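# Residue-level structural notes
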Amino acid sequence: MKEGQEHAILAAHVQTSDGMCAGCRAWWSRLAPYPCWQVEWATSRQARTFTARFLGSVR
Ligand SMILES: [Zn+2]
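Anyway, here's the lowdown on the structure attached to this text. Everything numeric in this text was worked out from a predicted model, so none of it was measured.

Criteria and thresholds
Residues numbered from 1 in each chain as written. Predicted model: local features only at pLDDT ≥ 70, side-chain atom pairs only at ≥ 80, totals over all residues. Helix = DSSP H or I, 4+ residues; strand = E, 2+ residues; numbered from the N terminus. Buried ≥ 20, exposed ≤ 12 C-beta atoms within 10 Å, placed from the backbone.

## Points about the overall build of the protein
In terms of regular secondary structure, the protein is built from 3 helices and 0 strands. Walking the protein from its N terminus toward its C terminus, one meets helices and strands in the order α-α-α. Its C-alpha atoms put the protein at 45 × 20 × 15 Å along the principal axes. Burial status across the protein gives 15% buried among its 59 residues.

Shown next, in the form of structure tokens:
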């Protein structure tokens, strides 16, 4: 996946009132409990980016 795509994923994959992922339902007509695997992927990827930036700023 492309760099920065996790931002778009997090913007689209939001939790609906019934606890499912709105992005998965809208994009793929798929019912997935939130957080779906794409949100998990995006958040873990963001955490790594933030950590890398933090470490880079220390040096
Ligand atoms: Zn989703």
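What follows picks up the thread again.
## Concerning unusual backbone geometry
Looking along the chain, the bond that leaves Tyr34 and enters Pro35 is cis, with omega of 0 degrees. Secondary-structure assignment places Pro35 in the loop between α2 (22–28) and α3 (37–58).

## A closer look at the environment of Phe54
Note that Phe54 resides in helix α3. Overall, the presence of 9 C-beta atoms within 10 Å leaves Phe54 in the exposed class. In this structure, the C-alpha to C-alpha distance between Phe54 and Gln38, residues 16 residues apart in sequence, is 24 Å.

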